[in-house]
Amino acid sequence: MNDAELLRASLAALAFRDHARLRSVRAQYQAHHPRGETEQLLHVAAVCVRLRFGGSGDGHDSENLVRFLAEARAARPGFTVPSNFLDVEGVIRGLLGEPGILDRIDPTSMRRILTFLVQYLADTTPEIREDFDAVIDQARQQIHRQIVG
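Since the structure is predicted, the reported quantities are computational estimates derived from the model, not experimental observations.

A. Spatial organisation of the overall build of the chain. Across its full length, the chain carries 8 helices and 0 strands. Walking the chain from its N terminus toward its C terminus, one meets helices and strands in the order α-α-α-α-α-α-α-α. Computed over its C-alpha atoms, the radius of gyration of the chain comes to 15 Å, within 12% of the 15 Å expected for a compact globule of 149 residues. Taking the principal axes of the C-alpha coordinates as reference, the chain spans close to 45 × 40 × 30 Å. By the burial criterion, 42% of the 149 residues in the chain qualify as buried.

Okay, here's the thing in structure tokens:
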């Protein structure tokens, strides 16, 4: 596998909480770049959040977000639930397009929140769970558009 394929495999292993596979894949990288993985995770989370909440930040349903946060707080065992749900709400709102919010989230908390969101949404949203490769492809298209304008 080349590094791009390994990154795809590591994102899938992370999303489906396959810790042994994640360690194995990361060990195969020619050069593991946690920053690159985190950037891709951000875009994967953005795709997952848009699939769960629909569209962009313009007019997302606040009641839906409140229900989701209550549901996520009670996530079953196996999930590492973030302790600060105000930050989780901020990340979701930021991923849905509200400007400036993501810049206010501590980078360490950001990675934990992104990981939780991707894992939880992959587990609870059939569209994500059933075709996670499409989610990664959409995230990569998003990155490409961001780079080339």
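Having seen the structure, we can now continue with the description.
B. Focus on the pattern of salt bridges. One pass over the full model with this rule turns up 7 salt bridges. One salt bridge in this structure joins Arg-26 and Glu-37, with 2.3 Å as the shortest N-O distance. Of this pair, Arg-26 sits in helix α2 (residues 19–28) while Glu-37 is found in helix α3 (residues 34–53), placing the two residues 11 residues apart along the sequence. In this structure, Arg-111 and Glu-37 form a salt bridge, with 2.9 Å as the shortest nitrogen-oxygen distance. Of this pair, Arg-111 sits in helix α6 (residues 107–124) while Glu-37 sits in helix α3; the two residues are 74 residues apart in sequence, bridging distant segments of the chain.

C. Looking closely at the environment of Leu-121. The topology assignment puts Leu-121 in helix α6. Each C-alpha atom, one on Leu-121 and one on Cys-48, is 6.6 Å from the other, the two residues being 73 residues apart in sequence. The residues contacting Leu-121, other than those within four sequence positions of it, are Cys-48, Val-49, Arg-52, Phe-68 and Ile-128.

D. Layout of the layout of surface pockets. In this model, the largest pocket occupies a volume close to 290 Å³. Thr-80, Pro-82, Arg-112, Ile-113 and Phe-116 are the residues nearest the centre of the largest pocket, which is lined by 17 residues in total. Here the lining of the largest pocket takes 7 residues from α6, the largest share from any one element. Across the lining of the largest pocket, the residue classes tally to 5 nonpolar, 8 polar and 4 charged.

E. Just the nonpolar core, in detail. In terms of nonpolar packing, the biggest core is built from 45 residues, with Val-44, Phe-68, Ile-92, Leu-117 and Phe-132 touching the most fellow members. Breaking this core down by element, the ones donating at least two residues are α1 (3–15), α2, α3, α4 (62–73), α5 (85–95), α6 and α8 (132–148). In terms of residues, this core owes the most to one element, α6, which gives 9 residues. Not counting the four nearest positions on each side in its chain, Phe-132 is found in contact with Leu-11, Ala-12, Ala-15, Phe-16, Val-44, Cys-48 and Val-118.

Rules used throughout
- Residues numbered from 1 in each chain as written.
- Predicted model: local features only at pLDDT ≥ 70, side-chain atom pairs only at ≥ 80, totals over all residues.
- Heavy atoms only, no water.
- Helix = DSSP H or I, 4+ residues; strand = E, 2+ residues; numbered from the N terminus.
- Rg over C-alpha atoms; globule rule 2.2 N^0.38 Å.
- Buried < 20%, exposed > 50% of the residue type's maximum accessible area, 1.4 Å probe, protein only.
- Salt bridge = Lys/Arg side-chain N within 4 Å of Asp/Glu carboxyl O.
- Contact = heavy atoms within 4.5 Å.
- 1 Å grid on protein atoms, 1.4 Å probe; cavity = no way out; pocket = protein on both sides within 12 Å on 5 of 7 lines; lining within 4 Å.
- Points joined across faces, edges and corners; volume = space filled by probe spheres on them.
- Nonpolar A, V, L, I, M, F, W, Y, C, P; charged D, E, K, R; others polar.
- Core = buried A, V, L, I, M, F, W, Y, C linked by side-chain atoms within 4.5 Å.

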